[in-house]
Amino acid sequence: GMVSPQGTSTVLQGEDISITITPDVGYYIDTLTIDGVSIASTTLYTFTNVNADHDLYVTFAAYPPDVTPPSSVTVSSPTHSPGAPVSNQSVTLNWTASTDFESGLLGYSYVIDGATTTLPDATVETSSTTITEVLPNGTYYFHIIAVDNVGNFSSAYHYGPIVITDSAITIT
């Protein structure tokens, strides 16, 4: 992890100084002591109205092994219902937020293709819960997984078919 500013800092008497504490990915702040007194862990500590020397000591620890995948998502689209031909090439897809109570959620990996059961890799493309893509005419499926901070991933959700065609008609 990192403490910023690093090393010894000098401030004028009566001034404040803020210290930022940043654990590395997969680590957390295990202990934080100010002038020998243990305090609740925080990523920002401010010494206010400094009139004497102070010590800040921090230790980081690795999260225990996380083998639990994040929760799966459910997908919907306000622009394209599965199997219904639409001429609109701008596809908006929304999904429920995933949760991960161990290492935390990193984001989502997704693929849009013509196959029904593609499994996305664990490379995160977004941390948002919505995307809009412009697609040419064709039939598509949207596949998505949630990825946590140690690389576990949820089961895949497959949405589709998304059918985009110039010949879409609506009968009322």
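The structure under discussion appears in the preceding block.
Below you will find a few notes about this structure. (Residues numbered from 1 in each chain as written. Predicted model: local features only at pLDDT ≥ 70, side-chain atom pairs only at ≥ 80, totals over all residues. Heavy atoms only, no water.)

### Thoughts on the sheet that holds strand E11 (residues 138-148)
Put simply, the test is: Here, any two strands with at least 2 DSSP bridges between them count as paired. Starting at the N terminus, helices and strands are each numbered in turn, a helix being any DSSP run of H or I of at least four residues and a strand any DSSP run of E of at least two. Axes here refer to lines fitted to C-alpha atoms; in helices the fit is confined to the stretch in contact. Angles between the N-to-C directions go from 0 to 180 degrees.
Ordered in space as E9-E11-E12, the three strands form an open sheet in which the pairing is antiparallel. Lying at the two open borders of the sheet, with one neighbouring strand each, are strand E9 (105-113) and strand E12 (157-164). Strand after strand, the sheet turns through a mean of 20° between neighbouring axes, direction not considered. Bridging between E11 and E12 involves six bridges; their strand directions are antiparallel.

### Things to note about the nonpolar core
Just so we agree on the cut-off: Put simply, buried Ala, Val, Leu, Ile, Met, Phe, Trp, Tyr and Cys residues joined by side-chain atoms within 4.5 Å make one nonpolar core. A simple rule labels every residue: compare its accessible area, found with a 1.4 Å probe on the protein chains alone, to the largest value its type can have, and call it buried under 20%, exposed over 50%, or partly exposed in between. The contact definition used throughout considers only heavy atoms, calling two residues in contact when any of these lie within 4.5 Å.
Judged by nonpolar contacts, the single largest core of 16 residues is most densely connected at Val-75, Leu-93, Trp-95, Phe-142, Ile-144 and Ile-162. Sorting the residues of this core by element identifies strand E8 (90-95), E9, E11 and E12 as the ones contributing at least two each. Ranked by the residues each element gives to this core, the list is headed by E11, at four residues. Apart from the residues within four sequence positions on either side, Ile-162 is in contact with His-80, Val-91, Leu-93, Gly-138, Thr-139, Tyr-140 and Phe-142. Ile-21, Leu-32, Phe-47 and Val-50 belong to the second largest nonpolar core, which has nine residues in total.

### Details of the environment of Thr-33
Mapped onto the elements, Thr-33 comes out in strand E3 (residues 27-34). For Thr-33, a relative accessible area of 19% puts it in the buried group. Each C-alpha atom of the pair Thr-33 and His-54 lies 10 Å from the other, and the pair is 21 residues apart in sequence. Those residues within four positions of Thr-33 in sequence are excluded, and the remaining contacts are Ser-38, Asp-55, Leu-56 and Tyr-57.

### What to know about the environment of Thr-123
Following the sequence through the fold, Thr-123 ends up in the loop between E9 and strand E10 (130-134). By relative accessible area, which is 48% here, Thr-123 ends up partly exposed.

### Examining the pairing of E8
Two elements, strand E7 (residues 75-76) and E8, share two bridges in a ladder whose sense is antiparallel. Looking across to E8, one finds that Val-75 is bridged to Trp-95. Both E8 and E10 contribute to a ladder of five bridges, which runs antiparallel. Bridge pairing in E10 links Val-91 to Glu-133.

### As for the packing of aromatic side chains
For clarity, the threshold we go by: Here is the rule: rings of Phe, Tyr and Trp (six-membered ring for Trp) pair when centre to centre is within 6.5 Å. Planes less than 30 degrees apart are stacked, more than 60 are edge-to-face, and the remainder are tilted.
Under the definition given, this model contains five aromatic pairs. Aromatic pair Tyr-28 and Tyr-63: ring centres 5.2 Å apart, planes at 40°, arrangement tilted. Residue Tyr-28 is located in strand E3, and its partner Tyr-63 is located in the loop between strand E6 (56-62) and E7; the two are separated by 35 residues in the primary sequence. Overall, Tyr-28 belongs to the partly exposed group, its relative accessible area being 28%. Ring geometry for Trp-95 against Tyr-108: centres 5.6 Å apart, planes inclined by 70°, an arrangement best described as edge-to-face. Residue Trp-95 is found in strand E8, and its partner Tyr-108 is found in strand E9; the two are separated by 13 residues along the sequence. Comparing Trp-95 with Tyr-108 shows no difference in burial state: the two are buried. Taken together, the aromatic side chains of Trp-95, Tyr-108, Tyr-110 and Phe-142 make up a single cluster linked through ring pairs.

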